[in-house]
Structure formats: C-alpha cells, structure tokens
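Descriptive analysis of the structure
Spelled out, the chains give:
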Amino acid sequence: AQSVTQLDSQVPVFEEAPVELRCNYSSSVSVYLFWYVQYPNQGLQLLLKYLSGSTLVKGINGFEAEFNKSQTSFHLRKPSVHISDTAEYFCATNSGGYQKVTFGTGTKLQVIP
Amino acid sequence: SQTIHQWPATLVQPVGSPLSLECTVEGTSNPNLYWYRQAAGRGLQLLFYSVGIGQISSEVPQNLSASRPQDRQFILSSKKLLLSDSGFYLCAWRETGGSPLHFGNGTRLTVT
C-alpha cells in the first residue's frame, strides 16, 4: 500500500530563514500527494496538492513543494518563515486506490524569533 | 460553498460509557467521508471511511464503530469507552477521485 515517510519530527528554524520539510513516498503508479498544516487544537488545512502536471507546486502562505519521481520525494519549502508558520505539517498520499488517504507522522515546525 | 461541522469540540467521558460523535457536510452530495484519530505525538490514524450511505469500511479493529445514516452524516460510536480511546478525532470529506480531504475542527475526547 502507498505510504509516506516524514523523517523529521521537529524542525526549529529562525524567523525569516528558509525551511525544508522532508517527505518521501513509496513508489507507486498514479500517486497523489498533499501537504497539510495543523495549528493547535484545530483540524488540518490543505497547503498544496500534486495530482499531475508541473512538478513544482505552489500553495498557500508562500509554501511550495517539488515532486521528484526519481527520488520519490515531495519536500515542502518556504524561502522565509514567519512566527505564524509555527505549526505541525503533514504529508499525505492516496492509498488503496483513490479511496483512502494515508498521512505521515508529522513534522513540528518551530519558528524562533 | 461546502462546509463540514463536527461536534462536540471537547468531551470528557468515564471509562465504560458510550460515545457518539457526529459529523455533517453541507454544500455537496455523495461525498466520501472519513474518521481519523490523532493520539498525542502520533500521526493520523484512519479509523473508518465511507463512499456511500450504509457503506462503511473499517481500518482498525477496535471497540469503535461508524455509521452513515444519511448522505452527508457520519457518526462515530462506541458502546463502552476505554482509556486508550482518548485522543483527537477528526472528521473529513472529499469528492471522489484524487481530490484533497477537507477536515472538521475535531473533537478532543478524554476518557477518565
């Protein structure tokens, strides 16, 4: 079954510095990939999605991700983070065909003033 | 536009008591519906999903159950709660195919 791996459980970064949150997916055909953000005690909000087409995907809040088929990666990036970006970020993919969505274990981004 | 409602926001229940969490979606028809659980320090665990009325797929054997009595209503239940049922429960919906999930605000369940 399709799955994703987020190797970093926590990533501290200084304000206005760039950040990359890593996500690797298991090889499969017709992979759909998503990044979500979760603020404390809230549901998840979609940041961006890759279904097909351009490998560079731009999302909300200045985030972008690049689909890399050869490295089976879908890393999330932002050139300059703000305090308000402090949250937990989840990578996700379809599994079991297109009916299910499987999530990684999440990466907590802590932006340091 | 589509909206998803999930309630209650917080719930404290004693061990052995029943549970009923409700989720409704507005502004769409025949959505795929999902229940996830998020335990402290862990990712999201898919509990149940439904692709239509009365159609429930269970991902994890446990003392929880789900029902979909109406097209846009998804209910998570338990006859007797365990301490291990504590967690953050999230309802979500999506259109068919590869569309993304849309989440409710979650229910924080504490079993004491």
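Heads up: the structure comes first, above all this text.
None of these values were measured; they are calculated from a predicted model. (Residues numbered from 1 in each chain as written. Chains lettered and ligands numbered in written order. Predicted model: local features only at pLDDT ≥ 70, side-chain atom pairs only at ≥ 80, totals over all residues. Heavy atoms only, no water.)

Turning our eyes to something else, we now look at the overall build of chain A. Summing up its helical and strand segments, chain A has zero helices and 12 strands in all. Listed N to C, the secondary structure of chain A is β-β-β-β-β-β-β-β-β-β-β-β in terms of helices and strands. Relative to the compact-globule value of 13 Å for 113 residues, chain A shows a C-alpha radius of gyration of 13 Å, a close match. Overall size of chain A, expressed as C-alpha extent along the three principal axes, is 40 × 30 × 20 Å. Each of the 113 residues in chain A was classed as buried or not, and the buried ones make up 44%. Partitioning the intrachain contacts of chain A with sequence separation of at least 6 by distance along the chain shows that 55% fall at a separation of at least 24. On chain A, the mean spot of the 8 positive side-chain charges and the mean spot of the 8 negative ones are 11 Å from each other. (Helix = DSSP H or I, 4+ residues; strand = E, 2+ residues; numbered from the N terminus. Rg over C-alpha atoms; globule rule 2.2 N^0.38 Å. Buried < 20%, exposed > 50% of the residue type's maximum accessible area, 1.4 Å probe, protein only. Contact = heavy atoms within 4.5 Å. Lys, Arg positive; Asp, Glu negative; His and termini not counted. Charge placed at Lys NZ, Arg CZ, Asp CG, Glu CD.)

Now for the state of the cysteines. Using the criterion set out here, one finds two disulfides over all chains in the structure. Residue Cys23(A) pairs covalently with Cys91(A) via a disulfide, S to S 1.9 Å. Given an S-S torsion of about -65°, the disulfide between Cys23(A) and Cys91(A) has left-handed geometry. Placement of the pair is Cys23(A) in the loop between strand 3 (19–21) and strand 4 (24–25) and Cys91(A) in strand 10 (residues 87–95), with a sequence separation of 68 residues. Between the sulfur atoms of Cys23(B) and its disulfide partner Cys91(B) the distance amounts to 2.0 Å. Here Cys23(B) and Cys91(B) share a disulfide; its torsion about the S-S bond, -75°, makes the bridge left-handed. In this pair, Cys23(B) sits in strand 3 (residues 19–26) while Cys91(B) sits in strand 9 (residues 87–94), placing the two residues 68 residues apart along the sequence. (Disulfide = S-S within 2.5 Å.)

Okay, the interface of chain A and chain B next. Each partner contributes to the interface: chain A provides 20 residues, whereas chain B provides 22 residues. Around 1,600 Å² of area is buried between chain A and chain B when both sides are counted, 56% of it from carbon and sulfur atoms. Our count for the contact surface shared by chain A and chain B stands at one salt bridge. The salt bridge partner of Glu59(B) is Lys100(A), with a shortest N-O separation of 3.1 Å. Applying the counting criterion to the chain A and chain B interface returns seven residue pairs in polar contact (both at pLDDT 80 or more). Listing elements by their share of the side of chain A that touches chain B, those giving two or more residues are strand 5 (33–38), strand 6 (44–50), strand 10 and strand 11 (100–103) of chain A. Of the residues assigned to the side of chain A that touches chain B, the class counts are 10 nonpolar, seven polar and three charged. (Buried area = accessible area lost by both parts, 1.4 Å probe. Salt bridge = Lys/Arg side-chain N within 4 Å of Asp/Glu carboxyl O. Polar contact = N/O pair within 3.5 Å; in protein donor to acceptor, adjacent residues only side chain to side chain. Nonpolar A, V, L, I, M, F, W, Y, C, P; charged D, E, K, R; others polar.)

What follows deals with the pairing of strand 8 (residues 64–68) of chain A. Here is the key point about a regular strand: its side chains alternate between the two faces of the sheet. Residues and elements named next belong to chain A. Here strand 8 shows a buried face lined by Ala-65 and Phe-67 and an unburied face lined by Glu-64, Glu-66 and Asn-68. Relative to strand 8, strand 7 (residues 56–58) is paired through three bridges, and the arrangement is antiparallel. Bridge pairing in strand 8 places Leu-56 opposite Glu-66. Turn length for the strand 7-strand 8 hairpin, with the two strands adjacent in sequence and antiparallel, is five residues, and the turn residue Asn-61 shows positive phi of about 60°. (Pairing = 2+ DSSP bridges.)

Bringing the pattern of salt bridges into the picture now. With the rule as written, the count across this model stands at eight salt bridges over all chains. Ionic pairing is found between Asp8(A) and Arg22(A), a salt bridge with its closest N-O pair at 2.9 Å. With Asp8(A) in the loop between strand 1 (4–5) and strand 2 (10–14) and Arg22(A) in the loop between strand 3 and strand 4, the pair connects residues that are 14 residues apart, well separated along the chain. A salt bridge links Arg37(B) to Asp85(B), with the nearest nitrogen and oxygen atoms 3.7 Å apart. Of this pair, Arg37(B) sits in strand 4 (residues 32–38) while Asp85(B) sits in the loop between strand 8 (73–78) and strand 9, placing them 48 residues apart in sequence.

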